[in-house]
Amino acid sequence: MISYKEALLVIFALSVLVGGVGFVGNAAAKRRFCENNLRKLYSYSEQYQADHGALPPVNIPMKPLWKFWFHLLKPYSASQLDFACPEDQRAAYLFETRQSPLFSPKNQDALSYGMNYFLTAHFADKKKVAPFLKNLSAPGKVVFLGDSKGPYMLPDRFWTYEKAFRHEEDQANFLYADGHIAYQKQTDFGRFEGERFITDFTKWHWN
């Protein structure tokens, strides 16, 4: 029979194993964590394309709740933290060091990233191509995934309602369809004419 102290040690060990990762780092470290997550999501998307013959759809109308692209990528991931940014306050609990031994981040449904709404089969069909990233004529110039409060990104809504970006200096990580990541601000995607922002849609639409 184990002693009281031994029991406490076992509980502590379990809390470390199944609890949060206890993320510690400055803004640059958090951004790197986020960038690594986007690279993982890109890899999972490539695997999904190979298995299903198309990109994951951005959204799937279902009752009682819709499903989104990240639900389809979860089977390729071993950790829910792949979908959570340490700068996202909604996901902060996933990174806490002190949690119940019964808590597992794998069972959570946090999401800190969005997919470009226009990279879907519908818009690929208009170009008469299969919905594969490789079928974009300029994949290095089209946004695929990025920091987002919602599961998908529409430019006008993104700039209007998501100005509080995850990272410092009003910037966010954007992963392009060729796999490279850029740390950008709003004016990298268009220009202001007075108070009105004119979006460069070539960086969003299927080309």
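Anyway, here's the lowdown on the structure attached to this text. These numbers come from a predicted model, not from an experiment.

1. A few points about the pairing of strand 4 (residues 143–147)
Among the five residues of strand 4, five are classified as buried, and the element is accordingly described as predominantly covered. Of the pairings in the sheet, the one linking strand 3 (residues 113–116) to strand 4 comprises three bridges and is antiparallel in character. Residue Y113 lies in a different strand from strand 4, and its bridge partner there is D147. Pairing of strand 4 with strand 6 (residues 172–176) involves three bridges; the strand directions are antiparallel. Across the sheet, the residue bridging to L145 is L175, located in strand 6.

2. Some thoughts on the nonpolar core
One finds W69, F144 and F174 to be the most contacted residues of the largest nonpolar core, which totals 42 residues. Contributions of two or more residues to this core are made by helix 2 (27–52), helix 3 (69–73), strand 3, helix 4 (121–126), strand 4, strand 5 (152–153), helix 5 (155–161) and strand 6. Top element by residues in this core is helix 2. It accounts for six residues. Beyond its immediate stretch of four places on either side in the chain, W69 contacts L41, P56, P57, V58, L111, Y113, G114, M115, L145 and P151.

3. Considering the pattern of salt bridges
Scanning the entire structure with this criterion turns up three salt bridges. Between K40 and D82 there is a salt bridge whose closest N-O contact spans 3.1 Å. Of the two residues, K40 is situated in helix 2 and D82 in the loop between helix 3 and strand 3; the sequence distance between them amounts to 42 residues. Take K40: its relative accessible area is 35%, and that puts it in the partly exposed class. Here D82 falls in the buried class, since its relative accessible area comes to 6%.

4. Regarding the side chain of N116
Secondary-structure assignment places N116 in strand 3. Note on N116: relative accessible area 0%, which makes it buried. Once you skip the residues sitting within four places of it in the chain, N116 turns out to touch V58, V142, V143, F144, M153, K203 and W204.

5. Focus on the packing of aromatic side chains
Going through the model one piece at a time under the given rule, you end up with 19 aromatic pairs. Ring centres of Y48 and Y76 lie 6.5 Å apart, and the angle between their planes is 75 degrees; on these two criteria the pair is classed as edge-to-face. On the criterion of sequence distance, the pair formed by Y48 in helix 2 and Y76 in the loop between helix 3 and strand 3 is long-range, its members being 28 residues apart. On the basis of relative accessibility, which here comes to 22%, the residue Y76 falls in the partly exposed class. Relative to F123, the ring of F118 has its centre 5.1 Å away and its plane inclined at 80 degrees; by these criteria the two rings are edge-to-face. Like F123, F118 is buried. Among the aromatic side chains, those forming a connected cluster through ring pairs are F68, W69, F70, Y117, F118, F123 and Y152. It is R31 that lies over the ring of Y183; its NZ or CZ is 4.4 Å from the centre. Across from the ring centre of F189, 5.3 Å away, lies the NZ or CZ of K203, which sits over that ring.

Scoring rules and cut-offs
Residues numbered from 1 in each chain as written. Predicted model: local features only at pLDDT ≥ 70, side-chain atom pairs only at ≥ 80, totals over all residues. Heavy atoms only, no water. Buried < 20%, exposed > 50% of the residue type's maximum accessible area, 1.4 Å probe, protein only. Helix = DSSP H or I, 4+ residues; strand = E, 2+ residues; numbered from the N terminus. Pairing = 2+ DSSP bridges. Core = buried A, V, L, I, M, F, W, Y, C linked by side-chain atoms within 4.5 Å. Contact = heavy atoms within 4.5 Å. Salt bridge = Lys/Arg side-chain N within 4 Å of Asp/Glu carboxyl O. Phe/Tyr/Trp six-rings, centres within 6.5 Å; stacked < 30°, edge-to-face > 60°. Lys NZ or Arg CZ within 6 Å of the ring centre and 35° of its normal.

Any link to function would need more than the numbers given here.
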